[in-house]
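Here is how the chains run, residue by residue.
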Amino acid sequence: MSAQLRVVAVVVAHERRELLLACLRALAASKRPVDLVVVVDNASHDGSADAAVALAHELELPVDVIRLVRNTGGAGGFAAGLARAVAGHAADRVWLMDDDTVPRPTALGELLAVDERYQWLGGARPAVTASRVVWTDGRDHPMNTPRPRPLARRADQRLAARAGAVPVRSASFVSMLVDASAVRRHGLPVADYFLWNDDFEYSTRLLRHGVGLYVPTSVVEHRTRTFGATDADPGERFRWEVRNKLWMFTRSGSLAWWEKVVYGGSSARRWVRTFRRSQAPEVLWAAARAGVREALRPPRTTAQVLSGLGPVSEQAAGLEAGTWR
């Protein structure tokens, strides 16, 4: 079945030309080829888009480069890429990744094999399958660890184990394979998040009533500059962490009330660690106050954020309105 599925990879890029090219080379080396790569260039000034086109031609890798005239952040980039993949390219599955992601040759094949095996064993079609993410030295990357599904039934755990997976409640945009029908049903990521927590909100939205599987045999490398989790000192960007978490806990239906209590407590503990480790806590306090102020208004719709960007704007608006089928 997996050989018949149309798989479109979406790579979101911004000012990291060499990392983007490494990602594309890895995609070209995939043992299960992708049918198309959508590169979303977030208004880079380093020649990323042209370099991607040239390399794809050299590698004979089918590519569609979306050149955004303004930087919409990771959240906007993934929303635009998903819209183009589903509404523009009729994808069955969409493989999401940042430009600093380097998948191993078997990564996609393992995701699809577990997807197929899980259904063959009697499970529902997974909305999300997620890879094991390692850093450059092979250690599991703490920034991209999927959250296990709490209170998962033993039968569901056994079924996932037989398929070679673990049930999860959330996953990272660093190698997340998404079922296109789930995108049509639940919409796109909230583009107004810009950075941080967009994948947490989106994956938990897809998986509140859907199946999510972590596939440890599917491995990708996340080439971040440093090894660390999300409680590393973010400086002024802490504003987005605070704003987006508050938006998620107060305005999103992705979590049940008790999950908001659990994950809210976890976030509060992480913020405490962030302040304790910070060399400039006054910067974090200013960013936190800004995040709280911004969270008082609701996020704009993804269609609003992506307006004026050409055909992808229409595709995003159509998916949000439920008109693309």
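The structure under discussion appears in the preceding block.
Residues numbered from 1 in each chain as written. Predicted model: local features only at pLDDT ≥ 70, side-chain atom pairs only at ≥ 80, totals over all residues. Heavy atoms only, no water.

Draft legend 1. Region of interest: the nonpolar core. Counting 40 residues, the largest nonpolar core has Val10, Val40, Val94, Leu96, Val183, Leu188 and Leu306 as the members making the most contacts within it. Every residue in contact with Val40, bar those within four places of it in the chain, is listed here: Val10, Val11, Val12, Ala13, Ile66, Leu68, Gly77, Ala80 and Gly81. Membership of the second largest hydrophobic core comes to 39 residues, among which are Val37, Leu108, Ala165 and Leu213. (Core = buried A, V, L, I, M, F, W, Y, C linked by side-chain atoms within 4.5 Å. Buried < 20%, exposed > 50% of the residue type's maximum accessible area, 1.4 Å probe, protein only. Contact = heavy atoms within 4.5 Å.)

Draft legend 2. Layout of helix H3 (residues 73–88). Compared with an ideal rise of 1.5 Å per residue, which puts 16 residues at 22 Å, H3 spans 21 Å between its outermost C-alpha atoms and is within 8% of the ideal. A large share of H3 lies buried, amounting to 15 of its 16 residues. Downstream of H3 by a residue or two, Ala90 has a phi angle that is positive, lying close to 50°. (Helix = DSSP H or I, 4+ residues; strand = E, 2+ residues; numbered from the N terminus. Expected span 1.5 Å × (residues − 1).)

Draft legend 3. Main features of the side chain of Thr302. Examined against the element boundaries, Thr302 turns out to sit in helix H11 (residues 302–305). The class of Thr302 is buried, set by a relative accessible area of 1%. Apart from the residues lying within four places of it in its own chain, the contact partners of Thr302 are Ala79, Leu188, Pro189, Val190, Ala191 and Glu320.

Draft legend 4. The arrangement of the layout of surface pockets in detail. By volume, the largest pocket is sized at about 1,600 Å³. For the lining of the largest pocket, the secondary-structure elements that each account for two or more residues are strand S1 (7–13), H3, strand S7 (147–148), helix H7 (198–207) and helix H8 (238–251). Split by residue class, the lining of the largest pocket holds 18 nonpolar, 15 polar and 14 charged. Its boundaries defined by the atoms lining it, the second largest pocket holds a volume of some 150 Å³. Among the elements of the structure, helix H5 (154–163), strand S8 (166–170) and strand S10 (212–222) are those that each provide at least two residues to the lining of the second largest pocket. Per element, the largest residue contribution to the lining of the second largest pocket is three residues, and it comes from H5. When grouped by side-chain class, the residues that make up the lining of the second largest pocket number nine nonpolar, five polar and two charged. (1 Å grid on protein atoms, 1.4 Å probe; cavity = no way out; pocket = protein on both sides within 12 Å on 5 of 7 lines; lining within 4 Å. Points joined across faces, edges and corners; volume = space filled by probe spheres on them. Nonpolar A, V, L, I, M, F, W, Y, C, P; charged D, E, K, R; others polar.)

Draft legend 5. A look at the pattern of salt bridges. What the rule picks out here adds up to 20 salt bridges. Ionic pairing is found between Arg93 and Asp179, a salt bridge with its closest N-O pair at 3.2 Å. Linking Arg93 in strand S4 (residues 93–98) with Asp179 in strand S9 (residues 176–179), this pair joins segments that are 86 residues apart in sequence. The same class applies to Arg93 and to Asp179, which are both buried. Beyond isolated ion pairs, a larger network of salt bridges with shared partners links Arg93, Asp115, Arg125 and Asp179. (Salt bridge = Lys/Arg side-chain N within 4 Å of Asp/Glu carboxyl O.)

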